[in-house]
Amino acid sequence: MSSVASLSLSVIVTRLRAAGCVFAEDEAELIISTAETPADLAAMVERRASGLPLEHVLGWAEFCGLRVSLDPGVFVPRRRTEFLVHQAAALAPPRAVVVDLCCGSGALGAALAATLDGIALHASDIDPAAVHCARRNLATAGGHVHEGDLYDPLPPALRGRVDVLVANAPYVPTRDIALLPAEARVHEARHALDGGADGLDTLRRVAADAPHWLAPGGHLLFETSERQAPQAVRTVVGAGLAARVVTSDELYATVVIGTRVGEGRP
């Protein structure tokens, strides 16, 4: 426990529990260990009690064993998305060309760079705050982060060369945004959550252009809900890719994998 604590653990736990934090003890210990001064500690406790996501209070999120830096408003990577990373890593050839669309903090790209050797990594996001955050997280991996809409800012030289294309695109139907926890609904960017009327608007755009960017034998992977998976598969097949669905009961995760049928890289 940090020596900066001017508030006792029990006082912090009581404050967080009163604010509705289910894991108040664990959160209190994380806040205490992260705070640098007593004033910082008090401010962090109050920010968390006011409803700010714990990860935004701490300035980082744990994802695939990494500590991913997070700025206020940037989408917080969910633990279930680790399943997508594991699937992508299993499909990547040696020295893969990897692209992370809708990259947010860059968590997926950072996790793949930590898992795979010698990848060429590119990422993009339309949100300047997310791009700033992702550049910080991908710097040590030599990743290139581009600001813009989906494929638009990517270097044209990547067309037809991408081995693994991951897209943690928004897939919450617009009508369901109001049902999300306040931590997401209030403190994360709307465009990182809202997938349109059926939740698949962005994913349709990702799938439509994927064949132009994937290498022969390359893979597109994105997360969706179990209910949306059949329509997502039809979308991927309609774009000219072979498609399959993989799930994790443990993480309650559903991932659609689209593959550009053809020979692999020379």
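What counts, and where the lines are drawn
Residues numbered from 1 in each chain as written. Predicted model: local features only at pLDDT ≥ 70, side-chain atom pairs only at ≥ 80, totals over all residues. Heavy atoms only, no water. Salt bridge = Lys/Arg side-chain N within 4 Å of Asp/Glu carboxyl O. Buried < 20%, exposed > 50% of the residue type's maximum accessible area, 1.4 Å probe, protein only. Pairing = 2+ DSSP bridges. Helix = DSSP H or I, 4+ residues; strand = E, 2+ residues; numbered from the N terminus. Axes fitted to C-alpha atoms, helices over the stretch in contact; angles between N-to-C directions. Contact = heavy atoms within 4.5 Å.

A. Summary view of the pattern of salt bridges. Using the criterion set out here, one finds nine salt bridges in the structure. In this structure, the salt-bridge partner of Arg 17 is Glu 25, at a minimum N-O distance of 2.2 Å. For Arg 17, a relative accessible area of 45% gives the class partly exposed. A relative accessible area of 39% means that Glu 25 is categorised as partly exposed. The salt bridge partner of Asp 198 is Arg 204, with a shortest N-O separation of 2.4 Å.

B. A look at the sheet that holds strand E6 (residues 162-167). On the basis of which strands lie adjacent, the open sheet formed by seven strands has the order E5-E4-E3-E6-E7-E9-E8 and mixed pairing. The open sheet has two free edges, formed respectively by strand E5 (144-147) and strand E8 (242-248), since each of these has just one partner strand. Pairwise comparison of adjacent strand axes, ignoring direction, gives a mean angle of 20 degrees for this sheet. Pairing of strand E7 (residues 214-224) with strand E9 (residues 253-259) involves six bridges; the strand directions are antiparallel. Considered in E9, the bridge of Leu 220 is made with Gly 258. In the packing of helix H6 (residues 107-115) onto the sheet, contacts are made with strand E3 (97-101), strand E4 (120-125) and E6, and the angle to E3 comes to roughly 160 degrees.

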